[in-house]
Amino acid sequence: MSKEVEMKSVDEKKKEEKKEEKKDSKDGKKDDKSKDKKDSKDKKEKEKEAEKPKPLTPLQEIKLNITLIERSVVTLEPRFTHRVLRTFTTLKKKLTPEILRESINAVYVKDNLIKQTLLSYLPPPPPPPPKEEPAAMEVDTAVPAAADAKPETKAETKSETKAEAKADAKADTKSEAKPTETTPAPPPTDPLPESEVYFRLLLIHWLLTSPESHPKALELVHDTITKIQTWNRRSMDSLAARVYFVLSRVYELLPTVELSEIRPLLLRSQRTASLRHDAESLAAVIVLLLRNYLHYNLYSQADKFVAKVTFPESAGNPQLARWLYYTGRIKAVQLSYTDAHETLQQAIRRAPAATTAPGFWQAVHKFFIVVELLMGEIPDRKTFRHPVLEKAMKSYFEIVNAVRTGSLSQFQASLNAHADQFTEDRTYSLILRLRQNVIKTGIRQLSLAYSRISLRDICVKLHLDSEEDAEYIVGKAIRDGVIEGRVVHEKGWMECGGGKDGYGVEVSEAFGKRISFCLELHNESVKAMRYPLNAHRKELDAAEGAREREKELAKEIADGKNLDGDDESMGDF
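Nothing here was measured: the structure is a model prediction, and the numbers come from that model.

## As for the overall build of the protein chain
Looking only at helices and strands, the protein chain has 26 helices and 3 strands in total. The proportion of buried residues among the 573 residues of the protein chain is 32%. Pairs at least 24 residues apart make up 63% of the contacts formed inside the protein chain by residues separated by at least 6 positions. Split by element, the accessible area of the protein chain, about 40,000 Å² in all, is 54% carbon and sulfur.

Shown next as structure tokens:
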């Protein structure tokens, strides 16, 4: 028995060892699998990093843009040119004279007049560093090689000359028999005029970086516009629109010239663009003319110009957003706040993203918030928490709080503190109109808090100048329906209409209207239940069924009579 027990214990130990070995093998396999997964993930990450394309250098980007412009001209597809223009915002920050010189030399291989004019706007290249002459080395006098060499025999020299002559003859025969496989490269062609305009735009953007080179930029812009108008190529429309925009920007930055000087040029360009059906240049010029008029506060002329001009429908979203922004400003100044609110809201929707055009985004929202306050509405607080608008709209947030609370002192303090910013934003005249809104809000709050209040207390609480002004403002608010009450001129107070007892003629009239409405609704519902829809069709169907049944009965009766007549003719059996 003891031997059997020992044998069983040994077998159990062996089984346990086998189980442990299996577990270890499984754990090892799991570890191997996890290692393989990690290795595969690392390989995939490395492959992704290797697959990521390296960013193009400015020189490579300019060359790529030139090829895209040429493709746009050949295929008559303006989308390639629009793709090039979208890279201007990032590319103009990387421009240097060296990059521009290299790109011009790479595109314009031949030395011609265009290349010379483009390079003339760049500073001269730095002189190359002087080459250092190698120092004189001391050389030992060597033994002449002719002395050591053995003199060659005449037979050897004759054999060498014969072999060389044979080799030259064979080479000549081979060259005559087989023509050369490498064909000569074609001569380089001159770039298109669109490429020249693109380089001129790059040069203008670079010249605008320093105030010293602004006169050169002005000269280059005028030269470019005259060339564009003489070429009259439809493939150059988008580039021409960009050139007109840069023209206005140069006049804004130059202190020696006035922005109004380019107005005749823009009007002529607008006329020629409309005659040539150049929609992109027409949209750009119209927007620049509106900007020019509003810069000098010529709102009446701008309104007449808007009434006579039709903005092209095929214009892009940026130009359309600018058009809506300027027209919204004109309508806001002309007291048509509802139209201005709708127009500015459409401009916000059409505008690019806030990160790509933060300046335009802030300018539109400033006018939008002021117009919303003039309409009697309070803007949403989320607008002021936007990361792009948070700092720029801080002063406007204080104005909104003053209008919301009806505090005239807070409104006046914030207006005086931020007057310079409001004048710079061209919203100062509109914010001054909000004073009446602040006073109306304060009067509404006083009417809710007091059943009767003297005009002197109204002057103190709203910081008005005199009791006569308070009486006039309160009377206007009562007439406009802002508050309910009346002014007692003899006693010098305002009685608010909030202390009604719930009885009287007005209450009975209101209840009469409600009761008549309920009775009319009851009568209409009863009529609808009595005469259901398409009820006459059921009656028609029932009448047709009755006629068919009558016809069937008439046939049965006729058949019965015929049977009776046959029996009579048979006679008796």
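## A closer look at the packing of aromatic side chains
Going through the model one piece at a time under the given rule, you end up with 10 aromatic pairs. The interplanar angle of 20° and the centroid separation of 4.9 Å between the aromatic rings of Phe311 and Trp323 together place this pair among those described as stacked. In this pair, Phe311 sits in the loop between helix 14 (299–308) and helix 15 (317–333) while Trp323 sits in helix 15, placing the two residues 12 residues apart along the sequence. Here Phe311 falls in the buried class, since its relative accessible area comes to 15%. A residue is classified by how much of its surface remains accessible, and Trp323, at 11% relative accessible area, is buried. A ring pair is formed by Tyr325 and Phe367, whose centres lie 6.0 Å apart and whose planes are at 75°; its orientation type is edge-to-face. Of the two residues, Tyr325 sits in helix 15 while Phe367 sits in helix 17 (residues 358–374), which places them 42 residues apart along the sequence.

## Some details on unusual backbone geometry
With the exception of glycine, most residues fall at negative phi, and the peptide bonds are largely trans. Even without being glycine, His277 reaches a positive phi, approximately 60°. Here His277 is to be found in the loop between helix 12 (263–275) and helix 13 (279–295). Look at His277 and you get exposed, because its relative accessible area is 70%.

## Overview of a nonpolar patch on the surface
A contiguous nonpolar surface patch, about 320 Å² in accessible area, is contributed by Phe511, Ile515 and Leu519. As for its position among the elements, Leu519 is in helix 25 (residues 505–530).

## Here's the deal with a positive patch on the surface
A grouping of Arg381, Lys382, Arg385 and Arg404 is seen on the molecular surface, where their side chains present a positively charged patch. With respect to the helices, strands and loops of the structure, Arg381 is situated in the loop between helix 17 and helix 18 (394–405). For Arg381, a relative accessible area of 40% translates into the label partly exposed.

## What to know about helix 17
Helix length check: helix 17 (17 residues) gives 25 Å between terminal C-alpha atoms against 24 Å at 1.5 Å per residue, within 8%. Looking at the residues trailing helix 17, positive phi occurs at Gly376, about 90°.

## Describing empty space enclosed by the protein
Scanning the entire structure with this criterion turns up 2 cavities of 30 Å³ or more. Along the wall of the largest cavity there are 15 residues; nearest its centre are Ile228, Tyr244, Arg276, Asp278 and Ser281. Here the residues of the lining of the largest cavity are counted per class, giving 5 nonpolar, 5 polar and 5 charged. Looking at the second largest cavity, its volume works out to about 40 Å³. Lining the second largest cavity are Gln436, Lys440, Tyr472, Ile473, Lys476 and Ala477. When residues of the lining of the second largest cavity are traced back to their parent elements, those giving at least two are helix 22 (434–449) and helix 24 (467–480). For the lining of the second largest cavity, the leading source of residues is helix 24, giving 4 residues. Its residues assigned to classes, the lining of the second largest cavity shows 3 nonpolar, 1 polar and 2 charged.

## Looking at the packing of helix 15 against helix 16 (residues 337–350)
Across the interface, helix 15 lies against helix 16 with an axial gap of 8 Å and an inter-helix angle of 160°. Taken together, the axes of helix 15 and helix 16 are roughly antiparallel relative to one another. In this structure, helix 15 meets helix 16 at a crossing whose hand is left-handed. Within the contact between the two elements, helix 15 uses Asn317, Leu320, Ala321, Leu324, Tyr325, Thr327, Gly328, Lys331 and Ala332 and helix 16 uses Tyr337, Asp339, Ala340, Thr343, Leu344, Gln346, Ala347 and Arg350. Its residues assigned to classes, the contact of helix 15 with helix 16 comprises 9 nonpolar, 5 polar and 3 charged.

## Re the packing of helix 16 against helix 17
Their axes nearest at 9 Å, the elements helix 16 and helix 17 cross at an angle of 155°. By the angle between their axes, helix 16 is roughly antiparallel relative to helix 17. As helix 16 packs across helix 17, the resulting crossing turns out to be left-handed. Within the contact between the two elements, helix 16 uses Tyr337, Ala340, His341, Leu344, Gln345, Ala347 and Ile348 and helix 17 uses Phe360, Trp361, Val364, His365, Phe367, Phe368, Val371, Glu372 and Leu374. In the contact of helix 16 with helix 17, the residues fall into 12 nonpolar, 3 polar and 1 charged.

## Some details on the pattern of salt bridges
A full pass over the atoms with the stated rule returns 10 salt bridges. A salt bridge links Glu77 to Arg79; the shortest N-O distance between them is 3.5 Å. Arg79 sits in the exposed class, given a relative accessible area of 52%. For Asp223, the salt bridge is made with Arg200, and the minimal N-O distance between the two is 3.4 Å. One end of the pair, Asp223, is in helix 10 (residues 214–231); the other, Arg200, is in helix 9 (residues 193–207), with 23 residues separating them in the sequence. Overall, the relative accessible area of 29% leaves Asp223 in the partly exposed class. Here the salt bridges share partners, and the residues they tie into one network are Glu196, Arg200, Asp223 and Lys227.

Conventions and cut-offs
- Residues numbered from 1 in each chain as written.
- Predicted model: local features only at pLDDT ≥ 70, side-chain atom pairs only at ≥ 80, totals over all residues.
- Heavy atoms only, no water.
- Helix = DSSP H or I, 4+ residues; strand = E, 2+ residues; numbered from the N terminus.
- Buried < 20%, exposed > 50% of the residue type's maximum accessible area, 1.4 Å probe, protein only.
- Contact = heavy atoms within 4.5 Å.
- Areas by Shrake-Rupley, 256 points an atom, 1.4 Å probe, with all protein chains shown as cover.
- Phe/Tyr/Trp six-rings, centres within 6.5 Å; stacked < 30°, edge-to-face > 60°.
- Patch = residues over 30% accessible without salt bridge, like charges linked within 9 Å, V, L, I, M, F, W, Y side chains within 5 Å.
- Salt bridge = Lys/Arg side-chain N within 4 Å of Asp/Glu carboxyl O.
- Lys, Arg positive; Asp, Glu negative; His and termini not counted.
- Charge placed at Lys NZ, Arg CZ, Asp CG, Glu CD.
- Expected span 1.5 Å × (residues − 1).
- 1 Å grid on protein atoms, 1.4 Å probe; cavity = no way out; pocket = protein on both sides within 12 Å on 5 of 7 lines; lining within 4 Å.
- Points joined across faces, edges and corners; volume = space filled by probe spheres on them.
- Nonpolar A, V, L, I, M, F, W, Y, C, P; charged D, E, K, R; others polar.
- Axes fitted to C-alpha atoms, helices over the stretch in contact; angles between N-to-C directions.
- Parallel < 35°, antiparallel > 145°, perpendicular 65-115°, else oblique.
- Left-handed = near helix turned anticlockwise from the far one by under 90°.

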